[in-house]
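# Descriptive structure summary
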Amino acid sequence: MNGLGGVRRGRPRLRFEGWIAGVGTSSGTRIVLGRWQRSPFGPFSDVMLERPDGRRLLLAPSRRTADFVGTAYTFDAVEVTPVDVRVAGDTWTVSAGPLELRFVTGRRGLLGCLLRMVPGVLAGQPAWSALTDMVARVLLPGVRTRGRGPSGRRAWYGARDLRPVRGVSASFEGRDLGPAAPVDPPVRFGFGSVPRTPSLTRITTTIEA
């Protein structure tokens, strides 16, 4: 069995359930927030940033999570720092070392409504991710729902909700990053990016241990 009760086939698999927010800013910094309510490490949040010059930074709350995420994806620097995420209604407030982020989610569209109908058990199946990968390539350019990370680990993503992100305010090392902008160019932490339009996705992620 894996860390959350999945069936082991080949390499053991670890499952993460939570939310991913992807936003761009007018300064060129792109931000990917992960808020994991269930994981083999317990609940935690982490932040991946790609700066305008292409430098990729991971902000993780513990050495253990930093080591795992840092080997599953690619970064130029890793910083262990408290990552505090507070959600009040549609407003998300994030404080993570040098980053301060606040955003508001909007009403979900048709795709979000359809994704909410996907059962959690189905979203966690690699076969489902393989099927939805073909759809994602058409509807959400740059997004991939399966692939291999830099370490060779396979990963699968099963989306269960999608909401637009608006009202973004962010600063890094005390400098304002400007208003929301598309996630363009796509982030380069792994084999795929988040949607180009700033968004919040409920997701089940499965990664080979």
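Residues numbered from 1 in each chain as written. Predicted model: local features only at pLDDT ≥ 70, side-chain atom pairs only at ≥ 80, totals over all residues. Heavy atoms only, no water.

Considering all chains together, one arrives at one cavity of 30 Å³ or more under this definition. Contributing to the lining of the largest cavity are A72, Y73, G149, R153, A155, Y157, F191 and I207. (1 Å grid on protein atoms, 1.4 Å probe; cavity = no way out; pocket = protein on both sides within 12 Å on 5 of 7 lines; lining within 4 Å. Points joined across faces, edges and corners; volume = space filled by probe spheres on them.)

Next up on the list: the pairing of strand 5 (residues 77–80). Pairing between strand 4 (residues 56–60) and strand 5: four bridges, direction parallel. Bridged to A60 within strand 5 is V80. (Pairing = 2+ DSSP bridges. Helix = DSSP H or I, 4+ residues; strand = E, 2+ residues; numbered from the N terminus.)

With that settled, the discussion passes to helix 4 (residues 126–139). With 14 residues, helix 4 extends 20 Å from end C-alpha to end C-alpha; this agrees with the ideal 20 Å at 1.5 Å per step. When the local axis directions of helix 4 are compared, the greatest deviation, roughly 30 degrees, occurs at T132. Taken residue by residue, helix 4 has P126, S129, T132, D133 and A136 as its buried positions. Where helix 4 is buried, its residues touch strand 1 (13–25), helix 3 (120–123), strand 9 (146–148) and strand 10 (154–172). (Expected span 1.5 Å × (residues − 1). Bend = angle between axes of the 7 residues up to and from the residue. Buried < 20%, exposed > 50% of the residue type's maximum accessible area, 1.4 Å probe, protein only. Contact = heavy atoms within 4.5 Å.)

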